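A look at the structure
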Amino acid sequence: MPATIRIDHDDALLATDLQADFMPGGRLAVADGDAVVPVANALMRRFAHVVLTQDWHPPGHASFATTHAATPFATKRLPYGDQTLWPDHCVQGTEGAALHPALETDAAFLILRKGMHPGVDSYSAFVEADGVTTTGLAALLHARGIRRAFFCGLATDFCVAYSALDARAAGFEAFVIEDACRAIDAGGSLDAAWARMNAAEVRRVQSREILG
Ligand code: VGL
Ligand code: ZN
């Protein structure tokens, strides 16, 4: 089947959080997460602009259940709103925070680290969970002439979805490459994320539409 989406110089690929802790066996494992690495590699070869993101938390981060002596996946009210509490994951400098060893990172012009502020989480690659602190990524992509942002990686219902929604809010067209992502899907989070993405006109596409 021929590709139906033609990738151009004003398109960017964002490959989110393809890190050991989100892979099977990791501390916040996403089922089948490693299956997307070869797809991400194939996609990266088609794009002139590739950004990788890396969840990069300090020890004792506000999103960790252990920080609050709470149960993982519980919800905690933090100053900026309700925060899902996670098992400790992607701690700066640890093996779990490393990008998957099979990920071909050479095509990326940027590895954007996020979730570094001790008290604030950041699923999104654009705006932190307080809703105001920017990573600067939107300005950077605009400055490079990007108009469309394509997303792959982990997890569909968190980092990918929040990033795609923020891409729309920043004026980009946004495409989530569904089969190049995997979800955590806790408590209906995947359906909820797709409902929000559909409402924001984030487009759901498949890798074969780009790769042919
Ligand atoms: C993510 C949960 C916690 C993600 C990051 O990248 O989707 N999910 N931290
Ligand atoms: Zn995280």
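Everything quoted here is computed from the prediction, not taken from an experiment. (Residues numbered from 1 in each chain as written. Chains lettered and ligands numbered in written order. Predicted model: local features only at pLDDT ≥ 70, side-chain atom pairs only at ≥ 80, totals over all residues. Heavy atoms only, no water.)

**Points about the site of ligand 1**
- All residues in the neighbourhood of ligand 1 are listed as Asp17, Phe22, Leu28, Asp55, Trp86, His89, Tyr123, Leu154, Ala155, Phe158, Cys159 and Ile184.
- Within the side chain of Asp55, one N or O atom sits 3.0 Å away from a nitrogen atom of ligand 1.
- For ligand 1, whose free accessible area comes to 260 Å², the fraction covered by protein is 100%.
- Its residues placed into classes, the shell around ligand 1 shows nine nonpolar, one polar and two charged. (Near = heavy atom within 4 Å. Polar contact = N/O pair within 3.5 Å; in protein donor to acceptor, adjacent residues only side chain to side chain. Areas by Shrake-Rupley, 256 points an atom, 1.4 Å probe, with all protein chains shown as cover. Nonpolar A, V, L, I, M, F, W, Y, C, P; charged D, E, K, R; others polar.)

**As for the packing of helix H3 (residues 156–169) against helix H4 (residues 189–199)**
- At their nearest, the axes of H3 and H4 sit 10 Å apart, and the two run at 10 degrees to each other. With respect to each other, H3 and H4 are oriented roughly parallel. Residues Thr156, Asp157, Phe158, Ala161, Tyr162, Ala164 and Leu165 of H3 touch H4, and the partners they reach there are Ser189, Leu190, Ala193, Trp194, Arg196 and Met197. (Axes fitted to C-alpha atoms, helices over the stretch in contact; angles between N-to-C directions. Helix = DSSP H or I, 4+ residues; strand = E, 2+ residues; numbered from the N terminus. Parallel < 35°, antiparallel > 145°, perpendicular 65-115°, else oblique. Contact = heavy atoms within 4.5 Å.)

**Quick word on the pattern of salt bridges**
- Evaluation of the coordinates by the stated rule reveals 10 salt bridges.
- Note that Arg182 is salt-bridged to Asp32, the shortest N-O span being 3.0 Å. Pair noted here: Arg182 is in strand E7 (residues 173–182) and Asp32 is in the loop between strand E1 (11–16) and helix H1 (36–44), with a separation of 150 residues, a long-range link.
- For Asp32, a relative accessible area of 42% puts it in the partly exposed group.
- Here Glu201 makes a salt bridge to Arg168, at a shortest N to O gap of 3.7 Å. A residue pair is termed long-range when its members are at least 10 positions apart, and Glu201 in the loop between H4 and strand E8 (203–205) and Arg168 in helix H3 qualify at 33 residues. (Salt bridge = Lys/Arg side-chain N within 4 Å of Asp/Glu carboxyl O. Buried < 20%, exposed > 50% of the residue type's maximum accessible area, 1.4 Å probe, protein only.)

**Thoughts on the sheet that holds strand E2 (residues 49–55)**
- The sheet built from six strands is open, its strands ordered E5-E2-E1-E6-E7-E8 with parallel pairing. The open sheet has two free edges, formed respectively by strand E5 (110–114) and E8, since each of these has just one partner strand. Neighbouring strand axes in the sheet, compared pairwise and without regard to direction, differ in orientation by 25 degrees on average.
- In the packing of H1 onto the sheet, the strands contacted are E1, E2, strand E6 (148–154) and E7, and the crossing angle to E7 comes to about 140 degrees. (Pairing = 2+ DSSP bridges.)

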